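The primary structure of each chain is shown beneath.
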Amino acid sequence: MKQLLFLLAVAVSLHTFAQDERYMGIIPAPVSAKKAKGDFKITPETIILTDAPDERGVKFFADYMRKSGYAYMVTDVHNIGKSPSAFKNSILLTTNFKDESKPDGYDLAVNEDHVTVSGKGAGLFYGVQSLIQLMEGQKPGYANVACGSIKDYPRFPYRGMHLDVSRHFFDTAFIKKYLDVMAAYKMNYFHWHLTDDQGWRIEIKKYPKLTSEGSKRAQTVVGKPSSTPADDMYDGTPYGGYYTQDEVKAIIKYAQDRYINIIPEIEMPGHSLAAITAYPEMSCDPSKGYKVMETWGVSNDVLCPNETTFTMLQDILGEIID
């Protein structure tokens, strides 16, 4: 039933927001799309023009074109001495966008001579994402883009994805790929679940044992834990991983280039067994033996609300807040 309701919701969304079936491949569906005859043919000779060469959307598009076998030299329209509309076989990326009532909105117009994407900041970037979706899946260096026009803007200010790297660690290459997919679908918040009972994943220089000990578990339960813990089966394989602060900074920059804000999650006072394993003095019973959790679920051990814990948490957060 849930799958049926989801499919119905998608069908209604597509019918409501995308009037032209040739633009229905754009995800999320545009607010409006109007059909026109013909195609714009992108070739290696296609010119990219812009009035904002330093915009993140312009740089992203140029990089995409280079990697995909198209022309990628960007020409500043301020340096050419004539109107961009005088150039055939061109793609214009412009900040000349008039509708300020729709934050992060954009217009995309395609005719047989040229393409114009207009928007400001994230809006221009999202317009580029829609153009890329119209280009994908074709011969390298060549693409036919259906003529027409799109007016679009995000319908929700928060469009997020969450990733739990504590229970299942993903390396920086995967995180960047994840951010690329988010950007393609115009999502703007990445909730990064960095710590939990099953592992601590961010370098803290003042407390190195958080990663040397807290990032590692000796093994992981296989399947669903049983009602009798003694009957649980484990893989017997050590598991771990963490991000250095330099890696985190690089990922933040990568996300910013795609208009994605990162929300880091440092768990407290519960979900903190990995931290307590590394520094038992943060627990309510420092003499108790602790180990990074090897099953799923939640530990009953929590950070103890005392001055030692508060000082360490201030040190940890103070080291990474910037």
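Residue positions are counted from 1 within each chain, in the order its sequence is given. With the structure being a predicted model, the display of local features is reserved for residues of pLDDT at least 70 and the display and counting of side-chain atom pairs for 80 or more, all residues being used for whole-chain, interface and lining totals. Side-chain numbers come from the whole structure's heavy atoms, not from hydrogens or water.

Secondary structure elements are defined from DSSP: runs of H or I of at least 4 residues count as helices, runs of E of at least 2 residues count as strands, and each element is numbered from the N terminus. Tracing the backbone through its elements, the reader meets Gln133 in helix α3 (residues 122–135). Contacts were defined at the residue level, with two residues in contact if any of their heavy atoms lie within 4.5 Å. Setting aside residues no more than four positions away along its own chain, Gln133 makes contact with Gly25, Ile26, Ile27, Ala184, Tyr185 and Lys186.

On to a nonpolar patch on the surface. Within this analysis, patches are made of residues with over 30% relative accessible area and no salt bridge. Like charges are joined at 9 Å or less; nonpolar side chains (Val, Leu, Ile, Met, Phe, Trp, Tyr) at 5 Å or less. Each accessible area is a Shrake-Rupley result for a 1.4 Å probe, and residues are judged covered by the shown protein chains and nothing else. Salt bridges are counted wherever a side-chain nitrogen of Lys or Arg sits within 4 Å of a carboxyl oxygen of Asp or Glu. On the surface, Ile27, Val181 and Tyr185 cluster together to form a nonpolar patch covering roughly 260 Å² of accessible area. As for its position among the elements, Tyr185 is in the loop between α4 (172–184) and β9 (189–193).

Reading across the sheet, the three strands line up as β8-β9-β14 and stay open at both edges, with parallel pairing between neighbours. The outermost strands of the open sheet, each flanked by one partner alone, are β8 (160–164) and β14 (261–265). Strand-to-strand twist in this sheet, taken as the mean axis angle between neighbours without regard to direction, amounts to 20 degrees. Of the strand pairs in this sheet, β9 and β14 are connected by five bridges, and their pairing is parallel. By the bridge assignment for β14, His191 is matched with Ile263. A pair of strands counts as paired when DSSP detects no fewer than two bridges linking them. In this description, a line fitted to the C-alpha atoms serves as the axis of each element, helices being fitted only across the stretch in contact, and the angle between N-to-C directions of two axes falls anywhere from 0 to 180 degrees.

Let us look at unusual backbone geometry. The amide bond that connects Ile27 to the next residue, Pro28, takes the cis arrangement and shows omega of -5 degrees. Mapping Pro28 onto the fold places it in the loop between α1 (2–17) and β1 (32–42). Cis geometry marks the peptide bond from Met268 to Pro269, where omega comes out at -5 degrees. For Pro269, the location among the structural elements is in the loop between β14 and α7 (273–278). The residue Asp104 is not glycine, and still its phi comes out positive at about 65 degrees. Tracing the backbone shows Asp104 in the loop between β4 (90–94) and β5 (106–110). Even without being glycine, His271 reaches a positive phi, approximately 55 degrees.

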